[in-house]
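Overview (structure and organization)
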Amino acid sequence: GQNIDQPTEMTATEGAIVQINCTYQTSGFNGLFWYQQHAGEAPTFLSYNVLDGLEEKGRFSSFLSRSKGYSYLLLKELQMKDSASYLCVSLDSNYQLIWGAGTKLIIKP
Amino acid sequence: DGGITQSPKYLFRKEGQNVTLSCEQNLNHDAMYWYRQDPGQGLRLIYYSQIVNDFQKGDIAEGYSVSREKKESFPLTVTSAQKNPTAFYLCASSTLTGTDTQYFGPGTRLTVL
């Protein structure tokens, strides 16, 4: 079966760094997305990885290891507005998105 | 401004009534999608369409219907056959390159009383 695993909830402090991990098992693989979703709002795109390695985009970075079926999202210099759910999404061999349940990130002052 | 619109933001209906949720995009995207999101769960695909007058069932199509008469519009009808229709409904669109990002509308929160 197809499955995405990520922690349900994490807590971090404003100004700190947090890493949100994701493991995936899908039928084939055509890349991995990370989306941010604030409560009651639609998801917004953060990153897409299809090759192994780290992609940096400002305060956010995303890492992929295809051999391990593993990705992480790294958030630096955390701000209160980063409090949201972070969704790990795999693109399978049929180009269908497989959505994780999301990690709720709580930022404390 | 280009984007996807969904209306209304909140919708209330009595049990047994059909209800249609609207989704419009002016991004010139070929593909459009409907998802359902329940608390603590990931998005689940209801229907998708890659071309006008054609659409495909997703993982949870039972109790729902769609139409794609225009490229810009992809309305979703929640029928009385849907056993648990109260949820957050999200519409998205993308180009057809397969790996392209999906862009989402603001969502409609449907509550069936």
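Our structure is the block above this text.
Quick look at the structure, then. Model, not experiment: these values are computed from the prediction. Here the residue index of a chain counts from 1 through its sequence in written order. Following the order in which they are written, the chains are lettered starting with A and the ligands numbered starting with 1. In keeping with the model being predicted, local features are shown solely for residues with a pLDDT of at least 70 and side-chain atom pairs are shown and tallied solely at 80 or more, while totals for entire chains, interfaces and linings include all residues. To get the side-chain values, take all heavy atoms of the structure and skip hydrogens and water.

Counting from the N terminus, the helices are DSSP H or I runs at least four residues long and the strands are E runs at least two residues long. A count of helical and extended segments in chain A gives zero helices and 11 strands. Counted from the first residue to the last, chain A has its helices and strands arranged as β-β-β-β-β-β-β-β-β-β-β. To get the radius of gyration, use the C-alpha atoms; to get the globule rule, take the number of residues to the power 0.38 and multiply by 2.2 Å. The C-alpha atoms of chain A give a radius of gyration of 13 Å, which matches the 13 Å a tight globule of 109 residues would have. Considered along the principal axes of its C-alpha atoms, chain A spans approximately 40 × 30 × 20 Å.

Residue and element names in this part refer to chain B. Taken together, the side chains of Y10, F12 and L113 make up a nonpolar region of the molecular surface, amounting to roughly 380 Å² of accessible area. Positionally, L113 belongs in the segment after β11 (108-112). Overall, the relative accessible area of 62% leaves L113 in the exposed class. The residues that make up patches have over 30% relative accessible area and no salt bridge, and they are joined within 9 Å when like-charged or within 5 Å when they are Val, Leu, Ile, Met, Phe, Trp or Tyr. Accessible areas in this description were obtained via Shrake-Rupley with a 1.4 Å probe; residue shielding takes into account the shown protein chains only. When a carboxyl oxygen of Asp or Glu is within 4 Å of a side-chain nitrogen of Lys or Arg, the pair counts as a salt bridge. Each residue is assigned to one of three classes by its accessible area relative to the maximum for its type, calculated with a 1.4 Å probe on protein chains only: buried under 20%, partly exposed between the two thresholds, exposed over 50%.

Residue and element names in this part refer to chain A. Relative to the assigned elements, Q19 resides in strand β3 (residues 18-25). In this structure Q19 comes out as partly exposed when scored by relative accessible area, which is 32%. Spatially, the C-alpha atoms of Q19 and K76 are 8.8 Å apart, while their sequence positions differ by 57 residues. Contact criterion: two residues are considered in contact whenever any of their non-hydrogen atoms come within 4.5 Å of each other. In contact with Q19, other than residues within four places in its own chain, are M10, Y70, Y72, L73 and L74.

Let us look at the nonpolar core. Counting 22 residues, the largest nonpolar core has A:V18, A:L32, A:W34, A:L75, A:L78, A:Y86 and A:L105 as the members making the most contacts within it. Of all elements in the fold, only β2 (9-13), β3, β4 (32-37), β7 (60-65), β8 (70-75), β9 (84-91) and β11 (103-108) of chain A reach the threshold of two or more residues within this core. When residues of this core are assigned to their parent elements, the largest contribution, four residues, is made by β3(A). Among buried residues, those of type Ala, Val, Leu, Ile, Met, Phe, Trp, Tyr and Cys that are joined through side-chain atoms within 4.5 Å constitute a nonpolar core. B:V19, B:M32, B:Y47 and B:C91 belong to the second-largest nonpolar core, a separate cluster that totals 20 residues.

Only rings of Phe, Tyr and Trp enter the pairing, Trp through its six-membered ring, and a pair is recorded when the two centres are within 6.5 Å. The plane angle decides the type: under 30 degrees is stacked, over 60 is edge-to-face, the rest tilted. Under the definition given, this model contains 17 aromatic pairs over all chains. The interplanar angle of 80° and the centroid separation of 6.1 Å between the aromatic rings of A:Y35 and A:F45 together place this pair among those described as edge-to-face. Placement of the pair is A:Y35 in strand β4 and A:F45 in strand β5 (residues 44-49), with a sequence separation of 10 residues. Here A:F45 falls in the partly exposed class, since its relative accessible area comes to 29%. We call a charge positioned above a ring when the Lys NZ or Arg CZ atom is no farther than 6 Å from the ring centre and deviates by at most 35 degrees from the ring normal. Over the ring of B:F74 we find B:R68; its NZ or CZ atom is 6.0 Å from the centre of that ring. A cation over a ring is seen here: B:R109 above B:F88, with NZ or CZ 4.6 Å from the ring centre.

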